[in-house]
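Next come the chains, spelled out residue by residue.
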Amino acid sequence: MKGVGFILILSCLWSYFLYDANGQSYPGRNITRLESFLKEENLDKKNITILDFSDNLVITIEDTTVFIDFARLSVLNLNNNFGFHFKKNSTGLESSTVKIFSCDKCNITEIRSNTFSELPKLQTLSLKENGMNSIEADAFTRNTELVDLSLQGNEFVELPEKLVENLNLKSLFFDNNSLYNFPEAKPFLISKTLEVFTCSACGVAVIYKKTFTQVPQLRVLNLQWNFIHHVPDLTFTATPHLQQLNLEFNNLTNVPLEPIEESAELEEVCLDGNPIEWTEDFPVFIELYQKRELRGENCNKNETIFLSNTVKYLTTPPSTTKSTESPLEIQAASVNPTLLDALIATYLLVCIILEGLIFAFISLYLARIVRASSKEFDYSTTVLNPSDIYKIN
């Protein structure tokens, strides 16, 4: 796959926006009420396929049926209406034709079971950067054609595991939900069709053995820029079709050798930017990594932080030839250079302190001797007075 599928989709959508002759675009017009604006414009409801109301001041849609008479409307864009939200306890929108709905950087903080229930043809939904933190488990029950879901840049702490269970969802883009972590005792999601899951720059610290057990068609997994410190064995046994794995810039200290060995279809593994420490598994991993050519085009391009250039050798890799060095030299060579510098500095400091103490002791001792000698031969007190020689009591 090599991660080009999503780019192709975006290219097609972009072309769709630019060249569809039946599209109407009204960005930056300071529109506040869509209902009254559409009446004033008197649009051709039979032929319009695209409506773009991005970068306006729409707060909500009072009449949820406002688009129901647009017979061919396929794309609806409300991006950057910063205060926009759906009315509570009401259907969000109604349309039997809309396939793509986008409201990035709006103010939709929750998705209820009826928010998109009257958009049965919805295929692509994008709700990036809304400050969203709540989504009901049956939010997409009636959106059976939903294929691509983008929820990046929100404030989710968790996702209902059955959120897309009965859908044909292919892609879930969940990056930059910094409060999100995988649940411990259950799968993060149940889906028989999900192929792409991205959660870079989330709050993921731990991958559990059950995390990916219910996404058998997963092919692309991007978890870079998280806090993951370990990948358990058997993590990917339930995802036999996994092709791309990105774990760059986490807290991994060991290479995930067994999880990679058990994934026969892996084509790309990215691990740069992790504080990997040399262990006995590392040479085996490098051999496997090079043999299967697992470094791909989606991995980090900065050579200074390549895994092979940043691994920490806490011990010297074993030599295949007999060493002629003495045991002391071998021991010295195996010491961490930073630790060795610290030991040398400590030794020198102790020597300086001891020298100072010895010097002070010698100085005090000599001074004491000098004072004692000067008092023993004080002639001013021992010279006899001549007048006392013949003095008779």
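Our subject is the structure listed above.
Residue positions are given per chain, counting from 1 as you read along its sequence in written order. Since the coordinates come from a predicted model, pLDDT governs what is reported: local features require at least 70, and pairs of side-chain atoms require 80 or more to be given and counted, while whole-chain, interface and lining totals use all residues. Side-chain calculation: all heavy atoms of the structure are included, whereas hydrogens and water are not.

1. Topic: the overall build of the protein chain
Then comes step 1: Counting secondary structure elements, the protein chain contains 7 helices and 13 strands.
Then comes step 2: Here's how the labels work: a residue is buried when its accessible area is under 20% of the maximum for its type, exposed when over 50%, partly exposed in between, all with a 1.4 Å probe on protein chains only. Scored against the burial criterion, the 393 residues of the protein chain give a buried share of 39%.
Then comes step 3: Two residues qualify as a contact provided that any one of their heavy atoms is within 4.5 Å of a heavy atom in the partner residue. A separation of at least 24 residues holds for 64% of the contacts in the protein chain among residues at least 6 apart in sequence.
Then comes step 4: For the area figures, the Shrake-Rupley method with a 1.4 Å probe applies, and any residue is considered shielded solely by the protein chains shown. Counting every atom, the protein chain has about 22,300 Å² of accessible surface; 56% of that belongs to carbon and sulfur. Numbering of helices and strands runs from the N terminus; a helix is a DSSP stretch of H or I covering at least four residues, while a strand is a stretch of E covering at least two.

2. Quick word on the state of the cysteines
Then comes step 1: Whenever a pair of cysteine sulfur atoms sits within 2.5 Å, that pair is classed as a disulfide. Enumeration over the complete set of coordinates arrives at 3 disulfides.
Then comes step 2: A sulfur-sulfur separation of 2.2 Å characterises the disulfide bridge that pairs Cys199 with Cys202. Taking the torsion about the sulfur-sulfur bond, which here is approximately -115°, the covalent link between Cys199 and Cys202 counts as left-handed.
Then comes step 3: Two residues share a disulfide in this structure: Cys270 and Cys299, whose sulfurs sit 2.0 Å from each other.

3. Examining unusual backbone geometry
Then comes step 1: Backbone geometry places Ala201, a non-glycine residue, at a positive phi of 55°.
Then comes step 2: Examined against the element boundaries, Ala201 turns out to sit in the loop between strand S10 (196-198) and strand S11 (220-222).
Then comes step 3: Even without glycine at this site, Leu234 takes up a positive phi of about 70°.
Then comes step 4: Within the fold, Leu234 resides in the loop between S11 and strand S12 (244-246).
Then comes step 5: Overall, the relative accessible area of 49% leaves Leu234 in the partly exposed class.

4. Notes on a nonpolar patch on the surface
Then comes step 1: Only residues above 30% relative accessible area that lack a salt bridge enter a patch, with like-charged residues linked at up to 9 Å and the nonpolar side chains Val, Leu, Ile, Met, Phe, Trp and Tyr linked at up to 5 Å. For this document, the term salt bridge refers to a Lys or Arg side-chain nitrogen within 4 Å of an Asp or Glu carboxyl oxygen. Among the surface-exposed residues, Ile358, Phe361, Ile362, Tyr365, Leu366 and Ile369 lie close enough to one another that they form a single nonpolar patch of about 630 Å² accessible area.
Then comes step 2: Accessibility expressed as a relative area gives 43% for Ile362, which makes it partly exposed.

5. Topic: helix H2 (residues 34-41)
Side chains that are three or four residues apart share a direction in an α-helix, a result of its 3.6 residues per turn.
Then comes step 1: Of the residues making up H2, those classed as buried are Leu34, Glu35, Phe37 and Leu38. Across the axial projection of H2, the buried residues extend over an arc of 165°, all falling on one side. The exposed set on the far side of H2, more than 90 degrees from its buried face, consists of Lys39 and Glu40. Each direction from the helix axis to a C-beta atom contributes to the arc, which is the arc of those directions.

6. What about the side chain of Asn81?
Then comes step 1: The topology assignment puts Asn81 in the loop between strand S3 (75-77) and strand S4 (100-102).
Then comes step 2: Of the residues examined, Asn81 reaches a relative accessible area of 0% and is grouped as buried.
Then comes step 3: N or O atoms within 3.5 Å of each other form a polar contact, as long as, within protein, one can give a hydrogen and the other can take it, and as long as residues adjacent in sequence are counted only when both atoms are side-chain atoms. Within polar-contact distance, the side chain of Asn81 engages the backbone nitrogen of Asn56 at 3.4 Å.
Then comes step 4: For Asn81, the side chain forms a polar contact with the main-chain oxygen of Leu78, separated by 2.9 Å.
Then comes step 5: Not counting chain neighbours up to four residues away, the residues in contact with Asn81 comprise Phe53, Ser54, Asp55, Asn56, Leu57, Val58, Lys105, Cys106 and Asn107.

7. As for the pattern of salt bridges
Then comes step 1: Evaluated as defined, the whole model comprises 7 salt bridges.
Then comes step 2: The salt bridge partner of Glu62 is Lys87, with a shortest N-O separation of 3.8 Å. Here Glu62, found in the loop between strand S2 (50-52) and S3, pairs with Lys87, found in the loop between S3 and S4; they are 25 residues apart in sequence, far enough to count as distant.
Then comes step 3: Owing to a relative accessible area of 42%, Glu62 belongs among the partly exposed residues under this scheme.
Then comes step 4: Under the relative-accessibility criterion, Lys87 is labelled partly exposed at 28%.
Then comes step 5: Put simply, Lys170 and Glu195 hold a salt bridge, and the shortest N to O gap is 3.8 Å. Taken together, the residues Lys170 in the loop between strand S8 (148-150) and strand S9 (171-173) and Glu195 in the loop between S9 and S10 connect sequence positions 25 residues apart.
Then comes step 6: Relative accessible area serves as the criterion here: at 22%, Glu195 is assigned to the partly exposed category.

8. Re the environment of Asp63
Then comes step 1: Topologically, Asp63 is positioned in the loop between S2 and S3.
Then comes step 2: Each C-alpha atom of the pair Asp63 and Leu93 lies 8.5 Å from the other, and the pair is 30 residues apart in sequence.
Then comes step 3: A distance of 2.6 Å separates polar atoms of two side chains, one belonging to Asp63 and the other to Thr65.

9. Description of the packing of aromatic side chains
Then comes step 1: Any two of the Phe, Tyr and Trp rings considered here, Trp counted by its six-membered ring, make a pair once their centres fall within 6.5 Å; the pair's planes then place it as stacked at under 30 degrees, edge-to-face at over 60, or tilted in between. Per the stated rule, a full pass over the model turns up 18 aromatic pairs.
Then comes step 2: Centroid distance Phe101 to Phe116: 6.0 Å. Interplanar angle 55°. Geometry classified as tilted. With Phe101 in strand S4 and Phe116 in the loop between strand S5 (110-111) and strand S6 (124-126), this residue pair connects regions lying 15 residues apart in the sequence. Each member of the pair, Phe101 as well as Phe116, carries the same accessibility label: buried.
Then comes step 3: An angle of 25° between the planes, with centres 5.9 Å apart, marks the rings of Phe212 and Phe236 as stacked. Linking Phe212 in the loop between S10 and S11 with Phe236 in the loop between S11 and S12, this pair joins segments that are 24 residues apart in sequence.
Then comes step 4: Among the aromatic residues, ring-to-ring pairing joins Phe156, Phe174, Tyr180, Phe182, Phe188, Phe197, Phe212 and Phe236 into one connected group.
Then comes step 5: Over a ring means this: the NZ of a Lys or the CZ of an Arg is within 6 Å of the ring centre and within 35 degrees of the ring normal. When the ring centre of Phe306 is taken as reference, the NZ or CZ atom of Arg295 above it lies at 3.8 Å.

Coordinates in, geometry out; function isn't part of it.
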